[in-house]
Amino acid sequence: MVKYLSKRVFYLVLTLFIVTTITFFMMKLMPGTPLTNQEKLSPSEIHTIYQQYGLDKPVWQQYLNYLGGAVTGNFGTSFQFSDQPVSYLIFSRIGASLQLGIQAMIIGVLAGIVVGAIGAIKRNTWVDTTTTIISILGVSVPSFVLAVLLQNWFGLQLRWFPIAEWGGINYTVLPTLALAALPFAETARFMRTEMIDVLNSDYIELAKAKGLHQTGIIYHHALRNSLIPIITIVGPLAVNIMTGSMVVENIFSIPGIGEQFVKSILTNDYPTIMGLTIMYSFMLCVVLLLTDIVYGIIDPRIRITGKKD
Amino acid sequence: MENQNDILEVRDLKVNFDTYAGEVKAIRDVSFDLKKGETLAIVGESGSGKTVTTRTIMGLMANNAKIAGGSIKYKDKELLKMSDKELSGLRGNDIAEIFQDPMTSLDPTMKIGRQVAEPLMIHQGLDKKTAMDKALKMLKLVGITNAEARINDFPHQFSGGMRQRIVIAIALVNNPEIIIADEPTTALDVTIQAKILDLMNELKTKIDTSIIFITHDLGVVAGMADRVAVMYAGKIVEYGTVDEIFYNPKHPYTWGLLNSMPTISTKGNSLPSIPGTPPDLLDPPKGDAFAPRNPYVLKIDTLEQPPFFKVSNTHYAATWLLDKRAPKVTPPAQIVERQKTYAKLKGVSLEQVQNGGE
Ligand SMILES: Nc1ncnc2c1ncn2[C@@H]1O[C@H](COP(=O)(O)OP(=O)(O)OP(=O)(O)O)[C@@H](O)[C@H]1O
Ligand SMILES: [Mg+2]
């Protein structure tokens, strides 16, 4: 286990290194500079600013400087807010995004599991049809559309929840729902398929032959076996939530990193874009590592051998 | 029960399946008895209805199955009239089943000890500890080496043969009256097959259980069964003791099955299988379903279904060849050889064996 973990952590670092390198050079290749729209500046003024940020140095040196900084958690200073280090910008904003993301993930996956399982148990009945339609809607309606709709109905018209503000838990309800829709729908679809497979398997037939009732079969055999593979889609769902949050945070004016990311892109704020890209990659790597570890713990087939047979 | 010694009586069972193409008449008037302590083998080609028969006894039919008639009596209780709740009280307790493929029939995420203990907890209401103790004993009985240490292992940590032993342990743990084994060795290697059959034979003498043993391999029947029922196209066409079916078969279909059985001389060579294919059960033929494939076919075979003709008190066959008016035919050479062996065994003439019918 220790060997496995150290290997995985090594890969995590390697991945982050590659991501950092690629983002760095992509930024360099992008057209335009942070000063592109600042025609009032004279060439010497521009030169001074370049010097201040180290942009006058050769690219490879900028790269090494950046790498060195990144290792110590220093991602430079934001171009947009010149007095703010990027790391401060990220850490002052990441709390809101994490809270939203984790809430959305938990609510989406749990609701998806329940709905998917019900669909499978009642398959080919109206219950199944209804749950399937709901999950198709969840997959096909983009989160920003849902965000706007929720804002309109529950915020503007019914006035149940605040819109475009940030404070207590009340403020998180609508954005969480908007973000949770896709994980919910994906999980429900996945769970339904898995569970139908499991319910048709030989070992469920054997469980019936043992004399177990429907509830016992579902509770003791079917659920566990269909839940285990759900862990494999948590990684992809995390990606969904991250991209979704960029838009949803903007719509609800939430001071999170998603909103910041969009702002930074619009202003060519390279250091912030890069810092956030690395942050997103880091979070994703951690999610993938955690899901792999959890999978290994709960699936006896990979617990011992390290891979599924 | 018509007979004191019977534990199970199946009468005129009819099972149909609703399909898009129409109604598949999979089981057409099947009747048989299972006596206390005996092993009854049901043999027949693929699709003859062996599995459907046993699934119906277990009350675990496919969703599109429909019981169109008949009765299944277990100890004077009509199984076909029981609610699902009553049936699940019998399943795994009175009637247990050994499945075909041990690689897929164990729950991959449950420890094997728990899987063996489960029927005890369901039916006898034992607490986990007592149930696990009994499960351990059972695992030892079926030959799991080092069972104490392995009780907490998962199925994937066992070989196919060992997994089938675990499946057998699950079936036996509640001392059922009837065990249904549907091709319990087909999915295993030949060497492992023999071991599992040995185990079943050994257990049979230790516990007094009736067994319905299903196979399409007549080769394993001789060593396992007391009686044999031969199925074709949803009907039983011949039944008798193992000796009667092996040495003095009367139905041309049984002749065909026996001729396609591997023997020492044919090992390695391709086996002669019965030419032709079974009939379409969407629209079964009016007469004898085997007629189109029967080299000894009579005119009446295509017109009317043959009734059972009595060969002995224990041996019946549904073929018009046994009718008094039928011409006398000589069975295939291999079958005559078998009859000769049988005549010698019984100390009677070949004539007497061949004319056994009434
Ligand atoms: N759910 C179903 N729907 C329609 N037809 C079915 C269904 N189950 C079985 N059948 C048909 O019933 C017939 C008997 O099938 P069964 O599985 O009992 O054969 P079998 O004797 O067990 O064969 P095998 O040796 O291959 O196991 C076959 O023609 C099969 O196609
Ligand atoms: Mg079968």
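Residues numbered from 1 in each chain as written. Chains lettered and ligands numbered in written order. Predicted model: local features only at pLDDT ≥ 70, side-chain atom pairs only at ≥ 80, totals over all residues. Heavy atoms only, no water.

Novice: Even after reading the chapter, I still don't get unusual backbone geometry, so can you show me in this structure?
Specialist: The phi torsion of most residues other than glycine is negative, and most of the peptide bonds are trans. Its identity is not glycine, yet A:Ser253 carries a phi of approximately 50°, on the positive side. Note that A:Ser253 resides in the loop between helix 10 (231-251) and helix 11 (257-266). Here A:Ser253 falls in the partly exposed class, since its relative accessible area comes to 37%. Of note, the phi angle at B:Asn175 is positive, near 50°, even though the residue is not glycine. Assignment of secondary structure puts B:Asn175 in the loop between helix 6 (160-172) and strand 7 (178-182). The class of B:Asn175 is exposed, set by a relative accessible area of 57%. (Helix = DSSP H or I, 4+ residues; strand = E, 2+ residues; numbered from the N terminus. Buried < 20%, exposed > 50% of the residue type's maximum accessible area, 1.4 Å probe, protein only.)

Novice: Can you walk me through the pairing of strand 1 (residues 6-19) of chain B in this structure?
Specialist: Residues and elements named next belong to chain B. For strand 1 and strand 2 (residues 22-35), the ladder comprises 11 bridges, and the chain directions are antiparallel. Across the sheet, the residue bridging to Val15 is Ile27, located in strand 2. Hairpin geometry of strand 1 and strand 2 is characterised by an intervening segment of 2 residues between the two adjacent antiparallel strands. With 8 bridges connecting them, strand 1 and strand 4 (residues 65-74) associate as antiparallel partners. Opposite Arg11, over in strand 4, you have Ser71 as the bridge partner. (Pairing = 2+ DSSP bridges.)

Novice: Honestly, the confidence of the model for chain A in this entry has me stumped. Any pointers?
Specialist: Should the pLDDT be low somewhere, the predicted coordinates at that spot are not to be read in detail. Residue and element names in this part refer to chain A. In the predicted model, chain A carries a mean pLDDT of 85, and 94% of its residues have values of at least 70. No element of chain A has a lower mean pLDDT than helix 13 (residues 300-305), which averages 64, and none a higher one than helix 8 (residues 202-210), which averages 95. Predicted confidence for residues 304-309 stays below pLDDT 50, and this span has 10 contacts to residues more than four positions away or in other chains. (pLDDT = per-residue confidence, 0-100. Contact = heavy atoms within 4.5 Å.)

Novice: Would you take a moment to explain the sheet that holds strand 5 (residues 77-78) of chain B for this structure?
Specialist: Pairing between the strands of a sheet comes from backbone hydrogen bonds, and it takes one of two forms, parallel or antiparallel. Residue and element names in this part refer to chain B. Strand order in this open sheet of 4 strands is 2-1-4-5, and the pairing throughout is antiparallel. Every interior strand has two partners, whereas the edge strands, strand 2 and strand 5, have only one. The strands touched by helix 1 (residues 50-58) are strand 1, strand 2 and strand 4; relative to strand 1, the strand with the most contacts, the crossing angle is about 110°. (Axes fitted to C-alpha atoms, helices over the stretch in contact; angles between N-to-C directions.)

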